[in-house]
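# Remarks on the overall topology
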Amino acid sequence: RGFDVFVYAQPLPYVQPMVDVLALRAERPHPTIKDVQWVHDRQALEAETRRAGVNEAVMFDADGHISEGLQTNFFAITADGALATAPDELVLSGTVRK
């Protein structure tokens, strides 16, 4: 027994390959879990991101180490080609990090 499939296709909008990012000194009190307090705490960081007119805020700690973005995981390629990212105990381990 057959069925009908309807498809609507259109070109995707152009997305610039680079995004503007704001670096903010901020640390999550319980970085490995999503909790209600973090939802409240991050509102000020989100407001700073909107005021700056950027796409994302990347958080760093008192020692200057980058942990994660408000919406993203953070990875960097070092000069010798190694992949660098914050340790799992300092960030929310999303599906990208696994």
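Residues numbered from 1 in each chain as written. Predicted model: local features only at pLDDT ≥ 70, side-chain atom pairs only at ≥ 80, totals over all residues. Heavy atoms only, no water.

Looking now at the sheet that holds strand β3 (residues 66-69). Backbone-to-backbone hydrogen bonds join strands into a sheet, with any given pair of strands oriented parallel or antiparallel. Taking strand neighbours across the sheet as the criterion, the three strands line up as β1-β2-β3 in an open arrangement whose pairing is mixed. Lying at the two open borders of the sheet, with one neighbouring strand each, are β1 (21-25) and β3. In this sheet, adjacent strand axes meet at a mean angle of 30° when their direction is disregarded. Bridge analysis of strand β2 (residues 56-60) against β3 gives three bridges, and the strand direction is antiparallel. Within the sheet, the bridge partner assigned to Val58 lies in β3 and is Gly69. In the packing of helix α1 (residues 36-52) onto the sheet, contacts are made with β1 and β2, and the angle to β1 comes to roughly 135°. (Pairing = 2+ DSSP bridges. Helix = DSSP H or I, 4+ residues; strand = E, 2+ residues; numbered from the N terminus. Axes fitted to C-alpha atoms, helices over the stretch in contact; angles between N-to-C directions. Contact = heavy atoms within 4.5 Å.)

This part takes up the side chain of Asp61. Looking at the secondary structure, you find Asp61 in the loop between β2 and β3. Buried and unpaired, Asp61 has Arg25 as its nearest opposite-charge partner, separated by 6.9 Å. Looking at Asp61, its side chain comes within polar contact range of the main-chain nitrogen of Asp63, at 2.9 Å. A distance of 2.9 Å separates the side chain of Asp61 from the backbone nitrogen of His65, its partner in a polar contact. Other than its neighbours up to four places away in sequence, Asp61 contacts Arg25 and Glu27. (Buried < 20%, exposed > 50% of the residue type's maximum accessible area, 1.4 Å probe, protein only. Lys, Arg positive; Asp, Glu negative; His and termini not counted. Salt bridge = Lys/Arg side-chain N within 4 Å of Asp/Glu carboxyl O. Polar contact = N/O pair within 3.5 Å; in protein donor to acceptor, adjacent residues only side chain to side chain.)

This paragraph deals with a nonpolar patch on the surface. On the surface, a cluster of nonpolar side chains totalling about 390 Å² of accessible area is made up of Phe3, Val5 and Val7. Secondary-structure assignment places Val7 in the segment before β1. (Patch = residues over 30% accessible without salt bridge, like charges linked within 9 Å, V, L, I, M, F, W, Y side chains within 5 Å. Areas by Shrake-Rupley, 256 points an atom, 1.4 Å probe, with all protein chains shown as cover.)

Attention shifts here to the side chain of Asp35. You can see Asp35 is positioned in the loop between β1 and α1. There is a polar contact of 3.0 Å between the side chain of Asp35 and the backbone nitrogen of Trp38.

Moving on to the confidence of the model for the protein chain. Detailed conclusions should not be drawn from predicted coordinates in areas where pLDDT is low. Here the protein chain shows a mean pLDDT of 88. Residues at 70 or above account for 95%. Here strand β4 (residues 76-77) is the element of the protein chain with the lowest mean pLDDT, 90, and β1 is the one with the highest, 95. (pLDDT = per-residue confidence, 0-100.)

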